[in-house]
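What follows is each chain in one-letter form.
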Amino acid sequence: MKNIEGYQEILDNPMVDIATYLFLEDIADKQGAAGMNNYLMSLAYSLARTMPEEEYTKWEDFIDALVKSESILTAFEKVYAASENCMVTVESPFLRGWKEYTKRIGEFPKIHKDVAEYYNSRVTPTAIETGDIIIQTYRKAAAEKITVNGKKIQVAHIATVSPDGSKKIAPEEWLPILLEKAKITRTQLNMILRNNAAVWVIYTLQ
Amino acid sequence: MLDVALVSLIQDMSEKAGVEGTIQYWLRVGENLAKRMGKEAYMGWPSFNVALREGRTAFSIEGNVIALTDLAITDVDGDVVGYLYAVEKCVFEPTILRVRYSVGQLPKADKQVADEYNMTYRDIAVCNFCIIHTKFREEVAKNITIAGQPLEALQLANRGFTGETKIDEENLKKIGINKEYVRSLLRNYACVFALVMKGARLKGEVSEE
């Protein structure tokens, strides 16, 4: 979100967030986890499509824009850079909706986890629930609209932590490569996961 | 993020399923939301209005809903059968601002969906989200009883983000409230509706018979 004075005070109305979750559940009732997954990904793609392209001349400027939430890549989340390639999302951008839903409606139906399993088995295995599919798809789609020094950005997801504390880390066989790209160790990853919501890596193709 | 993503989905969905399809989805969401909130029972209007003020009723999900207790609705016998209620800030306004500052502008589908609803259902929506919460209120009212009687919600007026207003004159006539008076309420509130006891013999309805 734009970093202007007072802007962070504009909180979404709980009804809009809950209505979105119910809308997705309505789709799942009719089309199952596969249909819901398609809608979630489509939702993220269409959001990324509406965003403008970005170009940076220096990697440091890009990181600065990410941390200040001025880039489209972090327009919806607060992040910090654990290294020049490793971004850490402090709080899930869906936390407010998650809290409002559990407060006003009750426990999330199982479909929100089932759809993540579906996504994990077919796309990238780092989602825990509905929101993760949206944000991970969005990050990848938004990254395609950004260049640094003329090179396109790539995003890969290392780990996700749900608001209830459950974690999903990339498969063992992928982890060493991802950690090397992120320039962090496994111990550092575990330290980050204790009190943050997601760890992801940004890089350019050589 | 969920709300901003939803707005871009409205465009996507309207292109794929048509604006009528989006309306159908929204009506179902409004209905499901009300269903999931459960039932409520109150001894009388004062206890309901206190619960509303304290944010304990299903209606409170919309934000600050104010009971205009000076505007009681009476039936043909002069008994109080309902009140006017007003929402201070449009439910969709924070999302409109968040879209404005993250994406740039609302998709065209927002207005297209509202226009289609106004043409085919009733002329009261100022944005696509009015469809959800109008339906939501109607369904929630059925789940709330006051002195054992279920309620009925009558949408009266909406004010949009850019100041446009929509007033349902038919519902105003039923409860015997002047259009200009409701318009003046829209200076302070984004949305005005009435809650009445279902089946009450309202003056406007009886005079029509």
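Analysis parameters
Residues numbered from 1 in each chain as written. Chains lettered and ligands numbered in written order. Predicted model: local features only at pLDDT ≥ 70, side-chain atom pairs only at ≥ 80, totals over all residues. Heavy atoms only, no water. Helix = DSSP H or I, 4+ residues; strand = E, 2+ residues; numbered from the N terminus. Rg over C-alpha atoms; globule rule 2.2 N^0.38 Å. Buried < 20%, exposed > 50% of the residue type's maximum accessible area, 1.4 Å probe, protein only. Areas by Shrake-Rupley, 256 points an atom, 1.4 Å probe, with all protein chains shown as cover. Lys, Arg positive; Asp, Glu negative; His and termini not counted. Charge placed at Lys NZ, Arg CZ, Asp CG, Glu CD. Contact = heavy atoms within 4.5 Å. Buried area = accessible area lost by both parts, 1.4 Å probe. Salt bridge = Lys/Arg side-chain N within 4 Å of Asp/Glu carboxyl O. Polar contact = N/O pair within 3.5 Å; in protein donor to acceptor, adjacent residues only side chain to side chain. Nonpolar A, V, L, I, M, F, W, Y, C, P; charged D, E, K, R; others polar. Disulfide = S-S within 2.5 Å. Arc of directions from axis to C-beta. Core = buried A, V, L, I, M, F, W, Y, C linked by side-chain atoms within 4.5 Å. Phe/Tyr/Trp six-rings, centres within 6.5 Å; stacked < 30°, edge-to-face > 60°. Lys NZ or Arg CZ within 6 Å of the ring centre and 35° of its normal.

Draft legend 1. Looking closely at the overall build of chain A. Within chain A, the secondary structure is distributed over seven helices and seven strands. Helices (α) and strands (β) of chain A occur, in sequence order from the N terminus, as α-β-α-β-β-α-α-α-β-β-β-α-α-β. Relative to the globule expectation of 17 Å for 206 residues, the C-alpha radius of gyration of chain A, 17 Å, shows essentially globular dimensions. Structurally, chain A occupies a C-alpha span of about 45 × 40 × 30 Å along its principal axes. Sorting the 206 residues of chain A into buried and exposed places 58% on the buried side. As presented, chain A carries roughly 9,200 Å² of accessible surface, and 50% of it is formed by carbon and sulfur atoms. The centroid of the 24 positive side-chain charges in chain A is displaced by 2 Å from the centroid of its 28 negative side-chain charges.

Draft legend 2. Expanded view of the interface of chain B and chain A. Listed per partner, the contact involves 36 residues of chain B and 42 residues of chain A. A buried area of about 3,600 Å², summed over both sides, lies between chain B and chain A, and 71% of it is on carbon and sulfur atoms. At the boundary of chain B with chain A, the tally comes to three salt bridges. Of the charged contacts in the structure, one is a salt bridge between Asp 26 of chain A and Arg 28 of chain B, with a shortest N-O distance of 2.9 Å. Taken together, the links from chain B to chain A amount to seven residue pairs in polar contact (both at pLDDT 80 or more). If you list the elements that add at least two residues to the side of chain B that touches chain A, you get α1 (2-37), α3 (93-102) and α5 (129-142) of chain B. In terms of residue count, the dominant contributor to the side of chain B that touches chain A is α1 of chain B (18 residues). By residue class, the composition of the side of chain B that touches chain A is 22 nonpolar, seven polar and seven charged.

Draft legend 3. Spatial organisation of the state of the cysteines. Residue and element names in this part refer to chain B. Going through the model one piece at a time under the given rule, you end up with zero disulfides over all chains. Lacking any disulfide linkage, Cys 127 is separated from the closest cysteine sulfur, that of Cys 130, by 4.2 Å. In this structure Cys 127 comes out as buried when scored by relative accessible area, which is 4%.

Draft legend 4. Summary view of helix α2 (residues 59-67) of chain A. Residue and element names in this part refer to chain A. The set of residues buried in α2 consists of Trp 59, Phe 62, Ile 63, Ala 65 and Leu 66. When α2 is viewed along its axis, its buried side chains cluster within an angular range of 160° and face the same direction. The elements touched by buried residues of α2 are β1 (54-56), β2 (79-81), β3 (86-89), β4 (146-148), β5 (151-161) and β7 (198-204). Following α2 by one or two positions, Ser 69 adopts a phi angle in the positive range, close to 60°.

Draft legend 5. Structural context of the nonpolar core. Of all hydrophobic cores here, the largest spans 137 residues; its most connected members are Phe 23 and Ile 202 of chain A together with Leu 84 of chain B. Of all the elements, helix α1 (residues 14-49) of chain A adds the most residues to this core, at 18 residues. Apart from the residues lying within four places of it in its own chain, the contact partners of Phe 23 of chain A are Tyr 39 of chain A together with Leu 6, Leu 9, Met 13, Tyr 25, Trp 26 and Val 29 of chain B. Judged by nonpolar contacts, the second largest core, of 18 residues, contains Leu 179, Ile 192, Val 199 and Tyr 203 of chain A.

Draft legend 6. Looking closely at the environment of Val 99 of chain B. Residues and elements named next belong to chain B. Counting through the fold element by element, Val 99 comes out in helix α3. Each C-alpha atom, one on Val 99 and one on Val 19, is 20 Å from the other, the two residues being 80 residues apart in sequence. If sequence neighbours within four positions are ignored, Val 99 has contacts with Val 4, Val 7, Gly 104, Gln 105 and Leu 106.

Draft legend 7. The packing of aromatic side chains, seen in detail. Scanning all chains against the criterion turns up 19 aromatic pairs over all chains. Consider the rings of Trp 45 of chain B and Tyr 83 of chain B, whose centres lie 5.5 Å apart with planes at 75°: the pair is edge-to-face. On the criterion of sequence distance, the pair formed by Trp 45 of chain B in helix α2 (residues 45-53) and Tyr 83 of chain B in strand β3 (residues 80-87) is long-range, its members being 38 residues apart. According to the relative accessible area criterion, Trp 45 of chain B is buried, its value standing at 7%. The buried category is assigned to Tyr 83 of chain B, whose relative accessible area is 13%. When the centroid spacing of 5.2 Å and the interplanar angle of 10° are considered together, the rings of Phe 92 of chain B and Phe 129 of chain B count as stacked. Of the two residues, Phe 92 of chain B sits in the loop between β3 and α3 while Phe 129 of chain B sits in helix α5, which places them 37 residues apart along the sequence. According to the relative accessible area criterion, Phe 129 of chain B is buried, its value standing at 0%. If you follow Lys 181 of chain A out to its NZ or CZ, it ends over the ring of Tyr 203 of chain A, 4.3 Å from the centre. The positively charged end of Arg 100 of chain B is found above the aromatic ring belonging to Tyr 101 of chain B, 5.0 Å away from the centroid.

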